[in-house]
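Coordinate inspection notes
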Amino acid sequence: MVKHAREGATYDDVLSAPEDRIAEIAGGDLYLSPRPAPRHARVGSALTSELHDAFDHGRSGPGGWWILYEPELHLDGNVLVPDIAGWRRERMSELPDAAWFSIAPDWVCEILSPSTEELDRRRKLPLYALAGVPHLWLVDPESRRVEVHRRDGGGYRLVSSFGGAEHISAEPFEAVSIALQRLWS
């Protein structure tokens, strides 16, 4: 379960969080989330693998991206940890030496779980939009659904939704087809 730990949080609060928690600051408030459950971690690993090969390494895909699992983002005073994020290399030519990123990603993916869905949808999505992240996916292992969102004005607009065993080619990764069944198995 996500714990709203305190208001007026600082990065020292993130650094002193228990090791078994993911600490994030959203809108000035500290949130502590449990490490991902096995199904959540499996979906994240499978999706990272699919995208990493095609877009980071350029195997069976166009390359040109950095695809990373659980990067720490420092955006407009918020400290957010999406499950997966990607940067176009034309915007970020090399990875930073710091343990976090201050350049907003071009795409983020949150893998929903009953304990994190409220934080992901209600608190983090508006902050990603404010930071200028153009593409966002919400992946729900329970319902086996992928929601694809595009930044539109000050928020996100749902542009497509996929589920089950579909093969998807979804923005910003239209160049490849992803078999969703690989994520759920």
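Just above, that's the structure.
Here we summarise the structure given alongside this text. On a predicted model such as this, the values are computed, not experimentally measured, just so you know.

This next bit is on the overall build of the protein chain. Within the protein chain, the regular secondary structure consists of four helices and 13 strands. For the protein chain, with 185 residues in total, the buried portion stands at 49%. For the protein chain, the share of sequence-separated contacts (at least 6 apart) that also reach a separation of at least 24 residues comes to 51%. As presented, the protein chain carries roughly 8,800 Å² of accessible surface, and 48% of it is formed by carbon and sulfur atoms.

A few words now on unusual backbone geometry. For the bond running from Glu171 to Pro172, omega is 0°, close enough to zero to count as cis. Mapped onto the elements of the fold, Pro172 is located in the loop between strand 12 (167–168) and strand 13 (178–179). Its identity as a non-glycine residue notwithstanding, Arg144 has a phi of 55°, on the positive side. Topologically, Arg144 is positioned in the loop between strand 9 (135–140) and strand 10 (145–152). For Arg144, a relative accessible area of 36% puts it in the partly exposed group.

Most of strand 3 (residues 29–34) is tucked away: five of the six residues are buried. Here strand 2 (residues 21–26) pairs with strand 3 via six bridges, running antiparallel. Across the sheet, residue Glu24 finds its bridge partner in strand 3, namely Tyr31. In sequence, strand 2 turns back onto strand 3 through a hairpin of two residues, with Gly27 there showing a positive phi of about 65°.

Another point: the sheet that holds strand 8 (residues 107–111). Taken together, six strands build an open sheet; the order of strands is 4-7-8-9-10-11 and the sheet is mixed. On the outer flanks of this sheet lie strand 4 (65–69) and strand 11 (155–163), each paired with one strand and no other. Neighbour-to-neighbour, the strand axes of this sheet turn through a mean angle of 15°, independent of strand direction. Contacts from helix 2 (residues 38–56) reach strand 4, strand 7 (84–88), strand 8 and strand 9 within the one sheet, and its direction differs from that of strand 4 by about 165°. On top of the sheet, helix 3 (residues 117–131) reaches strand 8, strand 9, strand 10 and strand 11; it is set at about 175° to strand 8, its chief contact.

Let us now look at the environment of Pro141. Position of Pro141 relative to the elements: it lies in the loop between strand 9 and strand 10. Between the C-alpha atoms of Pro141 and Arg42, which are 99 residues apart in sequence, the distance is 9.4 Å. Ignoring any residue separated from it by four or fewer positions in sequence, one finds Pro141 in contact with Arg39, Val43, Ile111, Leu112 and Trp184.

Now for the nonpolar core. Counting 25 residues, the largest nonpolar core has Leu47 and Trp137 as its most contacted members. If you list the elements that add at least two residues to this core, you get helix 2, strand 4, strand 8, strand 9, strand 10 and helix 4 (180–184). The biggest single contributor to this core is helix 2, with six residues. Sequence-distant contacts of Leu47, defined by excluding residues within four places in its chain, comprise Ile84, Cys109, Trp137, Val139, Ile178 and Leu183. Among the nonpolar cores identified, the runner-up in size contains 23 residues, and Tyr31, Met92, Leu125 and Leu127 belong to it.

Basis of the calculations
- Residues numbered from 1 in each chain as written.
- Predicted model: local features only at pLDDT ≥ 70, side-chain atom pairs only at ≥ 80, totals over all residues.
- Heavy atoms only, no water.
- Helix = DSSP H or I, 4+ residues; strand = E, 2+ residues; numbered from the N terminus.
- Buried < 20%, exposed > 50% of the residue type's maximum accessible area, 1.4 Å probe, protein only.
- Contact = heavy atoms within 4.5 Å.
- Areas by Shrake-Rupley, 256 points an atom, 1.4 Å probe, with all protein chains shown as cover.
- Pairing = 2+ DSSP bridges.
- Axes fitted to C-alpha atoms, helices over the stretch in contact; angles between N-to-C directions.
- Core = buried A, V, L, I, M, F, W, Y, C linked by side-chain atoms within 4.5 Å.

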